[in-house]
Amino acid sequence: MRPVIPYVTAALLFGLGVYGVLRRRNAVLVLMAVELMLNAVNLILVTADTTARSVLPHSGQVFALFVIVLAAAEIGVGLAIVLQLYRLRATVAVDEVPLTEPAESPRPAGMPQPAAASAGQHPEVGR
């Protein structure tokens, strides 16, 4: 088997994934681009396993299985973060996410203020 075609395909998929991560503003599309990069890595692992027989048989396929499990966990956690971001900000635009914690974070409607904050004290002062 000639490994050039799968390697070039994997390189194109990975490049497309990197482009998607760097250029997209929607968090769901960024997660999809990360999945595309992980699938490109899976293609390389399986191709390398079939072309170069190593000491451990089928080691590339086992690593690919681990990458698939990792990708499933990443999507679960990533979508949970995106849903929470949408609930708090009503948008999933990545460039609108604050990278630093604001001095006074706004409370969602219907959420009471903590007792220490409403009395003008720092919560750690009385301990």
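In what follows, the structure referred to is the one given above.
Predicted model only: the values in this text are computed from it and were never measured. Sequence order as written defines the numbering, with residues in each chain counted from 1. Local features in this predicted model are restricted to residues of pLDDT 70 or higher, and side-chain atom pairs are both shown and tallied only at a pLDDT of 80 or more, whereas totals for entire chains, interfaces and linings draw on every residue. Remark: hydrogens and water are excluded; side-chain values derive from all non-hydrogen atoms of the structure.

**Q** How would you explain the overall build of the protein if you had to name every residue and give the values?
**A** Helix numbering and strand numbering both begin at the N terminus, where a helix is a DSSP run of H or I of at least 4 residues and a strand a DSSP run of E of at least 2. For the protein, the count of helices and strands is four helices and zero strands. Two residues qualify as a contact provided that any one of their heavy atoms is within 4.5 Å of a heavy atom in the partner residue. In the protein, 55% of the contacts between residues at least 6 apart in sequence involve partners at least 24 apart. When the accessible surface of the protein is totalled, it reaches about 9700 Å², and 68% of it is carbon and sulfur. Surface accessibility in these figures is a Shrake-Rupley result with a 1.4 Å probe; residues are shielded only by whichever protein chains are displayed.

**Q** Describe in detail the pattern of salt bridges, supporting the description with residues and values.
**A** Where charged atoms from two side chains of opposite charge approach closely, those side chains can pair. Definition used for salt bridges: Asp or Glu carboxyl oxygen within 4 Å of a side-chain nitrogen of Lys or Arg. Within this structure, the stated rule accounts for one salt bridge. In this structure, R25 engages D95 in a salt bridge whose closest nitrogen and oxygen atoms are separated by 3.5 Å. Taken together, the residues R25 in the loop between helix 1 (4-23) and helix 2 (27-51) and D95 in the loop between helix 3 (59-89) and helix 4 (115-118) connect sequence positions 70 residues apart. Accessible area is worked out with a 1.4 Å probe on protein chains only. A residue is then buried under 20% of its type maximum, exposed over 50%, and partly exposed in between. Owing to a relative accessible area of 58%, R25 belongs among the exposed residues under this scheme.

**Q** Quick rundown of a nonpolar patch on the surface? Include the residues and the values.
**A** Only residues whose relative accessible area exceeds 30% and that take part in no salt bridge are eligible for patches, with like-charged residues grouped when within 9 Å of each other and nonpolar side chains (Val, Leu, Ile, Met, Phe, Trp, Tyr) grouped when within 5 Å. Where nonpolar side chains cluster on the molecular surface, the patch consists of F14, V18, L22 and V41 and spans about 330 Å² of accessible area. For the nonpolar patch, the element with the most residues is helix 1, which contributes three residues.

**Q** So what about the packing of helix 1 against helix 2? Which residues, and what values?
**A** Between two packed helices, both the angle of their axes relative to each other and the distance between the axes serve to describe the pair. For the pair helix 1 and helix 2, interaxial distance at closest approach is 8 Å and the crossing angle is 160°. With respect to helix 2, the axis of helix 1 lies roughly antiparallel. Handedness of the helix 1/helix 2 crossing: left-handed. Packed against helix 1, whose contacting residues are P6, Y7, T9, A10, L13, F14, L16, G17, V18, G20 and V21, the element helix 2 presents V30, A33, V34, L36, M37, A40, V41, L43, I44, T47, A48 and T51 at the interface. Among the residues making up the contact of helix 1 with helix 2, the classes are represented as 18 nonpolar, five polar and no charged. Axis lines are fitted to C-alpha atoms, over the contacting stretch for helices. Their N-to-C directions set the angle, which ranges from 0 to 180 degrees. In what follows, roughly perpendicular refers to angles from 65 to 115 degrees, roughly parallel to angles under 35, roughly antiparallel to angles over 145, and oblique to any angle outside these ranges. Each crossing is labelled by how the near helix is turned from the far one, with a counterclockwise turn of less than a right angle marking it left-handed and a clockwise turn marking it right-handed. Polar here means any residue other than Ala, Val, Leu, Ile, Met, Phe, Trp, Tyr, Cys and Pro, which are nonpolar, and Asp, Glu, Lys and Arg, which are charged; Gly is therefore polar.

**Q** An account of the environment of L43 is needed here, citing residue identities and associated values.
**A** By the element assignment, L43 lies in helix 2. When its relative accessible area of 29% is taken as the criterion, L43 is described as partly exposed. When the C-alpha positions of L43 and Y7 are compared, they lie 7.8 Å apart, and in sequence the two are 36 residues distant.

**Q** I'd love a proper account of helix 1, names of residues and values included.
**A** Here helix 1 spans 28 Å end to end across 20 residues, near enough to the 28 Å set by a 1.5 Å rise per residue. The set of residues buried in helix 1 consists of P6, A10, G17 and G20. Looking straight down helix 1, one finds its buried side chains confined to an arc of 85°; they lie on one side. In this structure, helix 1 carries V4, I5, L12, L16, L22 and R23 as exposed residues pointing more than 90 degrees from its buried face. In this structure, the buried residues of helix 1 make contact with helix 2. For a helix, the expected span equals 1.5 Å multiplied by the residue count minus one. Think of it as the arc spanned by the lines of direction from the helix axis to the C-beta atoms.

**Q** An account of the environment of Y7 is needed here, citing residue identities and associated values.
**A** With respect to the helices, strands and loops of the structure, Y7 is situated in helix 1. The class for Y7 is partly exposed, based on a relative accessible area of 29%. If we ignore the near neighbours within four places in the chain, the residues touching Y7 are I44, T47, A48 and T51.

**Q** Tell me about unusual backbone geometry, and please be specific about residues and values.
**A** Phi is positive for A90, which is not a glycine, with a value near 60°. Following the sequence through the fold, A90 ends up in the loop between helix 3 and helix 4.

By themselves, these figures tell us nothing about what the structure is for.
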